[in-house]
Amino acid sequence: MFPEYDVIVVGGGHAGCEAAWAAATMGSRVLLVTMNMATIGQMSCNPAMGGVAKGQIVREIDALGGMSGIVSDRSMIQFRMLNASKGPAMWSPRTQNDRVAFAQQWRLTLESNPNIDFWQDMAREILVKDRRIVGVRTSLGLEISAKAVILTNGTFLNGKIHIGEKNFGGGRTAEKAATGLTEQLVSLGFESGRMKTGTPPRVDGRSLDYSRMEEQPGDENPRKFSFSNATEPLRKQKSCFITYTSTAVHEELRKGFDKSPMFQGRIQGLGPRYCPSIEDKICRFAERERHQIFVEPEGWDTIEVYVNGFSTSLPEDVQYEALRKVPGFENVRMFRPGYAIEYDYFPPHQLKLTLETQLIDNLYFAGQINGTTGYEEAACQGLMAGINAHNRINEKEPFILKRSEAYIGVLIDDLVNKGTNEPYRMFTSRAEYRILLRQDNADLRLTPAGHRLGLASDERMERVVDKQADIQRLRKALEAFKVSPDDVNEPLTRLNTATVREKVPALNLLKRPHIGVKELRTLHPELERLIDQYDPEVQEQVEIGLKYETYIEREQKLAEKIGSLENFRISPDFDYTRIHALSAEGREKLMRIRPETLGQASRISGVSPSDISVLTIYLGR
């Protein structure tokens, strides 16, 4: 009934979609096994993509040739650049999306790829022979052969939903949990754990009084995620709104604490630290009288609204009564209550940096199965697992991004070397090279690699080459264009910056804090004509590159210095017990994680600098 596939992807969420797309685009024959084809690419929680650090990840996925950016652009109803008042290393794009259109776009995208087949069923077991994956067995008893398997099970592995004192099996509301896989993987030697996440109530937008809330429109000049010309910025946008809880809301919520599954110990898994439930916020931040609530529309043509910031697992009646005390929600009608969900995950120290498991060859884990939270974190893992599964079965070099190359590299390096016992979320503060890893230069950083892999198209690569050439041309043109005091001193005074005494290159003026490309254009009519010949993205790159030149060079030198440790390769069967000078904890962690290089070893939690010194001497010999 089935041919032997190159890659089987289990799960049709964000990680599964990117994994299937990547492997298939690179030439593998892929089967996507999902429990419900109607929910491929589903936004299980909030209808949005990107945000702080997450937006950088989406742009990196796009630059490599993944599809999350394009799918987001085609389904967005609002665009905002977060942290625009800060430096460019902090700028983070975010889209509000039409939930239905997002999933529809993902399915159409996958169906357009001739190398992808689909099968609606539950993968109950993996098939293993001599510690190597050979396929999967489904709940229908079908055995499907494959050279590699990628598990992207999300919150479905033994998922349990909690609402007040009620709990029942499920991987998402109205969808059953996946069973069998955890037990089998544990029997094969894998270590598993339990995590939880939650979601807020969905409400009827017609029942809300938006006049009592603060409007949050999109950017005046909206941009987009994808660097390609496959999408366009929005011409019209839909507003979100902001309101707040109050002491009255908190008191109403406290009435249900005696029935809370979190406070009564019925939930064992650890929840996300940076996206806590409303009841968790009330307890952890008892001194605060209010918490922000984002009122987010679910799409262009729906009345359903997502109440961001009100995630809860309290009883339905408590949720409802508390919502009614939120300004603008006095007459609210609830479509469905919020809930918490517990699920199995596998601590990611059991993985290689390619996301292949250490115990079973050609078996890959991606997404929430690795202990992460968020669409974007899942999608980038799926992309990397898809790339590496294809490369592995075709005897090609593994594709590993360094911490100095991408936020994706930071995320995977953190997971494998530091592990996580709570849902991992990406932040800009996790990246020590964030001036290098900006959202604006993701295409320049990563598209050449995506093109070499066969994932980013020739057209994508040509655009990057042209962009790089234009950046150099504009910079040289501004350096050659001299402005005289008579031409620019009056506008410089208006801009509250120092005047000039002699002719100076326009490029020198752009280095000043008060002058960006926008202001530079106003200094001289010829300058305006010169700059306007170039795309706004090119103008932005010239400005950022010039203003942050010293900082960029400093980070590049630091990355090169630390990167030299990556040249010290460590054999996978290296015997650490022979080195008695290693600390007991260092030896234990090194034996468990089996780092591939000295650089990776230096980033393992519990491996001290003195351990690295000892290893360096030993490897040097």
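You'll find the structure just up there.
Source: prediction; values computed, not measured. (Residues numbered from 1 in each chain as written. Predicted model: local features only at pLDDT ≥ 70, side-chain atom pairs only at ≥ 80, totals over all residues. Heavy atoms only, no water.)

Peer 1: Residues and numbers for the overall build of the chain, please.
Peer 2: A tally of regular secondary structure across the chain gives 21 helices and 22 strands. The C-alpha atoms of the chain give a radius of gyration of 26 Å, which matches the 25 Å a tight globule of 621 residues would have. For the chain, the spread of C-alpha atoms along the three principal axes comes to 80 × 75 × 50 Å. The burial tally for the chain puts 57% of its 621 residues in the buried class. Long-range pairs, those at least 24 residues apart, make up 72% of the contacts in the chain between residues at least 6 apart in sequence. Summing over all exposed atoms, the chain offers an accessible surface of approximately 26,200 Å²; the carbon and sulfur share of this is 47%. The average position of the 81 basic charges and that of the 83 acidic charges among the side chains of the chain differ by 2 Å. (Helix = DSSP H or I, 4+ residues; strand = E, 2+ residues; numbered from the N terminus. Rg over C-alpha atoms; globule rule 2.2 N^0.38 Å. Buried < 20%, exposed > 50% of the residue type's maximum accessible area, 1.4 Å probe, protein only. Contact = heavy atoms within 4.5 Å. Areas by Shrake-Rupley, 256 points an atom, 1.4 Å probe, with all protein chains shown as cover. Lys, Arg positive; Asp, Glu negative; His and termini not counted. Charge placed at Lys NZ, Arg CZ, Asp CG, Glu CD.)

Peer 1: Could you give an account of unusual backbone geometry, with specific residues and numbers?
Peer 2: Notably, Arg131 is not glycine yet its phi reads approximately 60 degrees, a positive angle. Among the structural elements, Arg131 can be located in the loop between β7 (123-129) and β8 (132-138). Look at Arg131 and you get partly exposed, because its relative accessible area is 39%. For Asn362, which is not glycine, the phi torsion reads 65 degrees and is therefore positive. Summarising the element assignment, Asn362 is placed in the loop between β19 (339-345) and β20 (363-365). What makes Asn362 buried here is its relative accessible area of 4%.

Peer 1: Give a description of the sheet that holds strand β18 (residues 334-336) that names residues and reports values.
Peer 2: Within a beta sheet, neighbouring strands are joined by backbone hydrogen bonds and run either parallel or antiparallel to one another. If you trace the six strands from one edge of the open sheet to the other, you get β14-β15-β16-β17-β13-β18, paired in antiparallel fashion. Looking along the sheet, the strands with just one partner apiece sit at the ends: β14 (214-216) and β18. Averaged over all pairs of adjacent strands, the angle between strand axes in this sheet comes to 35 degrees, irrespective of strand direction. Bridge count between β14 and strand β15 (residues 240-244): three bridges; the pairing is antiparallel. Residue Glu214 lies in a different strand from β15, and its bridge partner there is Ile242. (Pairing = 2+ DSSP bridges. Axes fitted to C-alpha atoms, helices over the stretch in contact; angles between N-to-C directions.)

Peer 1: Explain the side chain of Thr152 to me, and be specific about the residues and the numbers.
Peer 2: As for its placement among the helices and strands, Thr152 is situated in the loop between β9 (143-151) and β10 (160-163). A relative accessible area of 7% places Thr152 in the buried class. A polar side-chain atom of Thr152 sits 3.2 Å from the main-chain carbonyl oxygen of Gly11. (Polar contact = N/O pair within 3.5 Å; in protein donor to acceptor, adjacent residues only side chain to side chain.)

The analysis is restricted to geometry; functional conclusions fall outside its scope.
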